[in-house]
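# A closer look at the structure
Here is how the chains run, residue by residue.
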2 protein chains.
Amino acid sequence: MQAISSNEITVLDKESVTLPKGFKAGGMHCGIKRKRLDLGYIVSEVPAVTAGVYTTNIFQAAPLVVTQESIAKENKIQAVLVNSGNANACTGEQGLTDAQEMQKLFAGELGMDPHYIAVTSTGVIGELLPMDKIKAGIKQILDKENEGEENFKQAILTTDTCTKEIAVQFNIDGKKVSIGGTSKGSGMIHPNMATMLGFVTTDANIAHEDLLFALKDVTNLTFNMITVDGDTSTNDMVLVMANGLADNELLTKEHPEWDLFVNGLKIVCESLAKKIAKDGEGATKLVEIQVSGAFSINAARAVGKSIISSNLVKTAIYGTDPNWGRIVTAAGYSGVPIEPNLLGVSIGEYKVFEKGLPCPIAEEEVKGYLENENVVIHVNLNQGDYSATAWGCDLTYDYVKINASYRT
Amino acid sequence: MQAISSNEITVLDKESVTLPKGFKAGGMHCGIKRKRLDLGYIVSEVPAVTAGVYTTNIFQAAPLVVTQESIAKENKIQAVLVNSGNANACTGEQGLTDAQEMQKLFAGELGMDPHYIAVTSTGVIGELLPMDKIKAGIKQILDKENEGEENFKQAILTTDTCTKEIAVQFNIDGKKVSIGGTSKGSGMIHPNMATMLGFVTTDANIAHEDLLFALKDVTNLTFNMITVDGDTSTNDMVLVMANGLADNELLTKEHPEWDLFVNGLKIVCESLAKKIAKDGEGATKLVEIQVSGAFSINAARAVGKSIISSNLVKTAIYGTDPNWGRIVTAAGYSGVPIEPNLLGVSIGEYKVFEKGLPCPIAEEEVKGYLENENVVIHVNLNQGDYSATAWGCDLTYDYVKINASYRT
C-alpha cells in the first residue's frame, strides 16, 4: 500500500455507514437490554458484494456460523441484523436455530431471500436469545421512527462508553466513492478479531475476491493490532458491504486507483480500531506502540503486540511511570530474536533506552508526557526495515471494577 | 513419575534450605533497599552438583549470564549470593563486571574459587548495582549474627508479602535424604520462568545429568505452570544444589528409588510455585486450573495456561462471578483444537458447562464457593487421557495499585 496524499481522501469524522449511496440503517430497543437500544440493521438498495473476517476462537458463536454460510452462497448480502445484550454463543443447536430464525424473519420483512441477511450478536455468553422480544422487534424495526445511523450505532454497543464512526470519500474514475464504518467493542479485545463488531459500507463497485483481499490485508494492520485485555472473543466479525452504486469501473488489484481504495479502507478500519482501543474498559489513555527496524513485518507486529498486551506496561502507563524496563522486558519475551544491544526505546519524544542501555532521562518531563490522553511509544529494533503499529490502553482500577461485576 | 504413597515422604512446612545436611544460609540489610534485608547467601560444606533453569526472556540479566558460565565449568557450585532491590538487568558491560565482582569478593570471603559461586539479583531493572553497599555487605555477611535460613528467605523478597518455604524427607538406600527450598516472586510472573527465584538444596548424592533432567521435568509441571500477570522477567532462575552428604548410592534414572527422589523434588517445587501464585501482587485467591481429557500433555498445559492467564477470568473470580463463559472463551483461544461439543467445566464441585452447553446452576451457591481463598476450576476436554494443572491468582484493584506505582 503506497502512501496517498491526504488531499485525495476526505475524512469525515461524524459520518458512518449511510454515507455511501444506497444504504440505510436503524435501531431500536426491543427489550434484551434494560433500557438502551439493542437491535439494529443496515440495508442496501441492492445486493452488495461482501467480505468478512471472523474470530479465530474455536467457539464461534451461532450467528457467525449462519452468516458465513449465507455469504458463501453468492458472496453477496443485502442487509445486516445485529442485536446487543446477548451473544448467542455457547448455545448449541438452539442457538443456530435462533440465528436462522432471526435471519428468516428479517428477510420476510424486507422481502428478500434469507441468505442475503447477515446476523450477528454481542453480549452475554451462554444464554439463549429472548426470541419473543427479538421477533416483536423485527416486526417494528423498519418503522420510520427507528431509522437513522445514530440508532444503529447505539444499538450495537455493550460496555462501550461512546459510538465509533468514520467515513472517507475520494474519486475513482471521476466518480465519488464513499466508505463509512462503525464498530463496537471495549472488553474481551485482543488481536485476531477482538470482541468487536465492525460494519463498513461502500458504494464502490468492486470484485469480491479483491474486496476480501483488501479487507484481510487492512485488518491485519488495524483491527488485529489492537488489544484491551488479551481475550479473543467468540463473536468478533468485520463485514464490508460494497453495493456498487458509485458506478465506478470494477475495482480490482489491476485498477490504477486500487491503492487509493485500499488506503481509504485502511483509514476507516484504523480509525475504528483505535476508537475501540481508546474506549477499552476502564481505559484513560490510548496507547500506540510503533515498532520499526524489524527484520520482517511479522516480527514488528509480534513485538508491538507483546508490549501492548503487557499488564505491567499498561499499569505503568496508568500510573504515568516512565518504566522502560517493562517495555524492554515485554519486547524480550515476544518470541522475536531481537538483539538486546541494538534496541532503542522512546516514550513520546524522550529517548529512554539506546543500544541495550538506559539513557539519562528527565523523569518529571517524561512523567508529564505520560499524562496525555494519547501516549506513543517507539521501539526501534535496528535489525531491518519493517515497521508495525499496535494500539491499546492503560490498565486501571475501573477495568477491574467493570470486569469483576459485569457478566460478559 | 509414578505416585508415591505419602507415608514414604515426610513434608515439613516450616523448614527450608538448611534442612539438608551441610548447608547453611544467612541474610542482612546492606542498604540497597530502605529497610528490609537485601543480601543473602547459601553455602554448602562441599561443592554441590548443581542444575539450573533460567528465564526464556531474551534480555537475560547479567548475573544469570555469569552464573550459567560458572556452573558450566564443573556442573558444581558451593555457594549462592543473592541481592534484592536491584535486578542488575539491562546494565550492559558494567552489569557483567559488577556480577563478576560480587562473585569474586564472596569467593574471597569463603576461600574458594569464584566459579563455585552463583550470583543472582532481583528488583528494579536498568539501574547499576550500588557496588559500594554490596562490597561492604559481603565483608560482613558471614558474621554469626546474619546466619539463619529465615534471614536468607527475607533477603530475597521484593513485593512478596511473605516468605515461601517447604522441605521433604525420605529414605534412599536406607539413608535419610532431605530436599528443602525457598522462592520469591509475586509480580512479572508467567510460565517459562516467572520473575521468580527458587533455591533448592538437597543432601542427595546424584549425578548432574540426572539432576538436570529431573529439574527440567519438574519445572515444566510446577514453576512453568504458574502465572500472575503474563510477564516473563529477565531474572528468573531456579537452582538445585545437591551436595551428596546424605551418602546414598549415586542416584541416576536407573536407581530403584529414582521416582521417590523426583517426587520429593516435585512436592518442593509445586509447593513453592503455588506459594508464589497465591502471593501474586494484589491477589486474594489462589486459583487452580485442572485440565483433563487432553490428547497430549502439551494440549493440557496450553489450555490451563490460557485460562489462568485470562484477565477476564481473573477479574470474574475476584468478583466471585461464576462466569464460565470467560473460561470457555479462554479455552477456545488457547490454540488447542478442542471440540466445543465435548467440553465440560466445573467450578469447585459445581458443573457449569457440559457437552458444549451451559448447565443450570445454583448461582448463589457457586458464588459462595468462589469466596474461598483457594478456587479450583476443572476443565475436561474429553478428547484423550492427558492432564495438567496450572496455578494463578485473581486480578484485583491492588494489582493495579501496586503496579501503577512500584518501579520494577
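Each chain carries its own residue numbering, running from 1 in the written order of its sequence. Both sets of labels track the order of writing: A upward for chains, 1 upward for ligands. Totals for whole chains, interfaces and linings use all residues, but because this is a predicted model, local features are given only for residues with pLDDT of at least 70 and pairs of side-chain atoms are given and counted only at 80 or more. Values reported for side chains reflect all heavy atoms of the structure, with hydrogen atoms and water molecules removed beforehand.

Naming follows an unreviewed UniProt entry, where chain A appears as Arginine biosynthesis bifunctional protein ArgJ of Neobacillus novalis. UniProt positions are given in the numbering used here, feature names are shortened, and annotations may be inferred rather than shown by experiment. According to the UniProt record, the Subunit (unreviewed entry) comment for chain A reads "Heterotetramer of two alpha and two beta chains."

What follows is about the overall build of chain A. Looking only at helices and strands, chain A has 11 helices and 15 strands in total. Here the globule rule is a power law, 2.2 Å times the number of residues to the power 0.38, and the radius of gyration is based on C-alpha atoms. The C-alpha atoms of chain A give 22 Å as radius of gyration, which agrees with the globular expectation for 408 residues (22 Å, within 12%). Along the three orthogonal principal directions, the C-alpha set of chain A runs to about 70 × 50 × 35 Å. Note on contacts: a residue pair qualifies if any of its non-hydrogen atoms lie within 4.5 Å across the two residues. The contacts in chain A between residues at least 6 apart in sequence include a share of 81% that link residues at least 24 apart. All accessibility values rest on the Shrake-Rupley procedure with a 1.4 Å probe; residue burial counts only the protein chains present in the view. Carbon and sulfur atoms make up 47% of the accessible area of chain A, which totals about 14400 Å². When charges are counted, Lys and Arg contribute as positive and Asp and Glu as negative, whereas His and the chain ends are disregarded. Every charge is mapped to an atom, namely NZ of Lys, CZ of Arg, CG of Asp or CD of Glu. Taken as two groups, the 35 positive and 50 negative side-chain charges of chain A have centres that lie 4 Å from each other. Secondary structure is summarised from DSSP: a helix means a run of H or I of at least four residues, a strand means a run of E of at least two, and numbering begins at the N terminus for each.

A separate point is the relation of the copies chain A and chain B. The fit set for superposing copies consists of C-alpha atoms from residues with pLDDT of at least 70 in both; the fit itself is least squares. Between chain A and chain B, the superposition needs a rotation of 180° and an axial shift of 0.0 Å, giving an RMSD of 0.0 Å. Here the symmetry operator amounts to a two-fold rotation axis. For chain A, the residue whose C-alpha comes nearest the rotation axis is Tyr-397 of chain A, separated from it by 2.7 Å. Interface overlap between copies: 100% of the residues of chain A at the interface are likewise at the interface in chain B, consistent with a symmetric, same-surface contact.

This next bit is on the packing of aromatic side chains. What describes a pair of aromatic rings is the distance from one ring centre to the other and the angle between the planes of the rings. All names here are of chain A. Note on ring pairs: Phe, Tyr and Trp rings are taken, using the six-membered ring of Trp, and paired if centres are within 6.5 Å. Classes follow the plane angle, with under 30 degrees stacked, over 60 edge-to-face and the rest tilted. With the rule as written, the count across this model stands at 15 aromatic pairs over all chains. Between Tyr-41 and Phe-106 the ring centres are 6.0 Å apart and the planes differ by 50°, which places this aromatic pair in the tilted class. Taken together, the residues span a long stretch of sequence, with Tyr-41 in strand 3 (residues 39–54) and Phe-106 in helix 2 (residues 92–110) at a distance of 65 residues. Phe-106 matches Tyr-41 in its accessibility class, with the two residues each being buried. Looking at Lys-253, its charged tip hangs above the ring of Phe-213, at a distance of 4.3 Å from the centre. A 1.4 Å probe rolled over the protein chains alone gives each residue an accessible area, and that area as a share of the maximum for its type sets the label: buried under 20%, exposed over 50%, partly exposed in between. To sit over a ring, a charge needs its Lys NZ or Arg CZ within 6 Å of the ring centre and within 35 degrees of the ring normal.

Attention now moves to the sheet that holds strand 13 (residues 357–358) of chain A. Residue and element names in this part refer to chain A. Strands sit in the order 13-12-11-14-10-15 across an open sheet of six strands; the sheet is mixed. Pairing within the sheet leaves two strands with one partner each, and these edge strands are strand 13 and strand 15 (386–393). The rule for pairing is simple: two strands pair if DSSP sees at least two bridges between them. Here strand 10 (residues 286–294) pairs with strand 15 via seven bridges, running antiparallel. Bridging across to strand 15, Val-287 finds its partner in Gly-392. With axes taken as lines fitted to C-alpha atoms, and helix axes fitted only over the stretch in contact, angles between N-to-C directions fall between 0 and 180 degrees. Taken strand by strand, helix 6 (residues 258–278) contacts strand 10, strand 14 (374–380) and strand 15, and its axis lies near 40° from that of strand 15.

This paragraph deals with the sheet that holds strand 10 (residues 286–294) of chain B. All names here are of chain B. Ordered in space as 13-12-11-14-10-15, the six strands form an open sheet in which the pairing is mixed. The two strands at the open ends of the sheet, each matched to only one other strand, are strand 13 (357–358) and strand 15 (386–393). Pairing of strand 11 (residues 344–347) with strand 12 (residues 350–354), which is carried by three bridges, proceeds in the antiparallel orientation. Residue pairing in the sheet places Ser-346 in a bridge with Lys-351 of strand 12. Helix 6 (residues 258–278) rests against strand 10, strand 14 (374–380) and strand 15 of the sheet, and its axis sits at about 40° to strand 15.

Domains are outlined according to an automatic or database domain assignment. Domain annotation for chain A reports domain 1 (6–276) and domain 2 (286–405). Each of domain 1 of chain A and domain 2 of chain A has a C-alpha centre, and these two points are 32 Å apart.

Tracing the sequence through the fold places Asn-311 of chain B in helix 8 (residues 311–318). Overall, Asn-311 of chain B belongs to the buried group, its relative accessible area being 4%. In protein, a polar contact requires one atom able to donate a hydrogen and another able to accept it; more generally it is a pair of N or O atoms within 3.5 Å, and residues adjacent in sequence count only if both atoms are side-chain atoms. One polar contact links Asn-311 of chain B to Asn-311 of chain A, side chain to side chain, over a distance of 3.0 Å.

Turning to the environment of Pro-20 of chain A, a few remarks are in order. With respect to the element layout, Pro-20 of chain A can be found in the loop between strand 1 (10–12) and strand 2 (23–28). Sequence separation between Pro-20 of chain A and Thr-201 of chain A is 181 residues; the distance between their C-alpha atoms is 6.6 Å.

To continue, consider the state of the cysteines. A disulfide bridge is the covalent bond that connects two cysteines by way of their sulfur atoms. A pair of cysteine sulfur atoms is labelled a disulfide when the two atoms are within 2.5 Å. Enumeration according to the criterion identifies zero disulfides over all chains in this entry. Free of any disulfide, Cys-162 of chain A has its nearest cysteine sulfur in Cys-393 of chain A, 12 Å distant. Classification of Cys-162 of chain A as partly exposed rests on a relative accessible area of 33%. A disulfide-free cysteine, Cys-359 of chain B has its sulfur positioned 12 Å from the sulfur of Cys-90 of chain A, the nearest such atom. Residue Cys-359 of chain B is classed as buried on the basis of its relative accessible area of 18%.

What follows deals with the interface of chain A and chain B. Counting residues at the interface gives 53 residues for chain A, matched by 54 residues for chain B. Here, a salt bridge means any Lys or Arg side-chain nitrogen found within 4 Å of an Asp or Glu carboxyl oxygen. Between the two partners, chain A and chain B, sit zero salt bridges. There are one residue pair in polar contact (both at pLDDT 80 or more) connecting chain A and chain B. Contributions of two or more residues to the side of chain A that touches chain B are made by helix 8 (311–318), helix 9 (324–332), strand 13 and helix 11 (397–405) of chain A. Put simply, Ala, Val, Leu, Ile, Met, Phe, Trp, Tyr, Cys and Pro go in the nonpolar bin, Asp, Glu, Lys and Arg in the charged bin, and everything else, Gly too, in the polar bin. Class assignment for the residues of the side of chain A that touches chain B results in 26 nonpolar, 20 polar and seven charged.

All names here are of chain B. Within the secondary structure, Arg-301 is located in helix 7 (residues 297–308). Among buried Asp, Glu, Lys and Arg side chains, Arg-301 stands out as unpaired, with Asp-217 the closest opposite charge at 8.6 Å. There is a polar contact of 3.1 Å between the side chain of Arg-301 and the backbone oxygen of Asn-220. With residues up to four places along the chain from it excluded, the contact list for Arg-301 reads Asn-220, Asn-224, Met-225 and Ala-388.

The next subject is the pairing of strand 12 of chain B. Residues and elements named next belong to chain B. Between the antiparallel neighbours strand 11 and strand 12 lie two residues, among them Gly-348 with a positive phi of about 60°. Note: strand 12 against strand 13, two bridges, orientation antiparallel. Note that in strand 13 the partner of Glu-354 across the bridge is Leu-357. Connecting the antiparallel pair strand 12 and strand 13 is a turn made up of two residues, with Lys-355 showing a positive phi of about 50°.

Our focus in this paragraph is the environment of Lys-73 of chain B. Residue and element names in this part refer to chain B. By the element assignment, Lys-73 lies in helix 1 (residues 62–74). Using a relative accessible area of 59% as the deciding quantity, one classes Lys-73 as exposed. A C-alpha to C-alpha distance of 9.1 Å links Lys-73 and Tyr-116, two positions 43 residues apart in sequence.

All names here are of chain A. In this model, chain A carries a mean pLDDT of 88, and residues with pLDDT of at least 70 account for 93%. By definition, pLDDT measures how confident the predictor is in each residue, and it falls between 0 and 100. Highest mean pLDDT in chain A belongs to helix 3 (residues 131–140) (98); lowest belongs to helix 11 (80). Predicted confidence is poor over residues 1–5, with pLDDT under 50, and the contacts of this stretch with residues over four places away or in other chains come to 10 contacts. Contacts for the low-pLDDT stretch residues 190–194, under 50 throughout, to residues beyond four places or in other chains number 32 contacts.

Residues and elements named next belong to chain B. The residue Gln-383 is located in the loop between strand 14 and strand 15 in this model. Residue Gln-383 is classed as partly exposed on the basis of its relative accessible area of 24%. Separated by 87 residues in sequence, Gln-383 and Ser-296 place their C-alpha atoms 9.2 Å apart. Gln-383 has contacts with Gly-293, Ala-294, Phe-295, Pro-337, Ile-338, Glu-339 and Leu-342, leaving out every residue within four places of it along the chain.

One pass over the full model with this rule turns up 23 salt bridges over all chains. Between Lys-351 of chain A and Glu-354 of chain A there is a salt bridge, and its shortest N-O distance comes to 3.3 Å. The exposure class assigned to Lys-351 of chain A is partly exposed, which follows from its relative accessible area of 49%. Residue classification places Glu-354 of chain A among the partly exposed residues on the basis of a relative accessible area of 37%. Between Glu-147 of chain B and Lys-144 of chain B there is a salt bridge, with its nearest N and O atoms 3.3 Å apart. Judged by relative accessible area, which is 28%, Glu-147 of chain B ranks as partly exposed.

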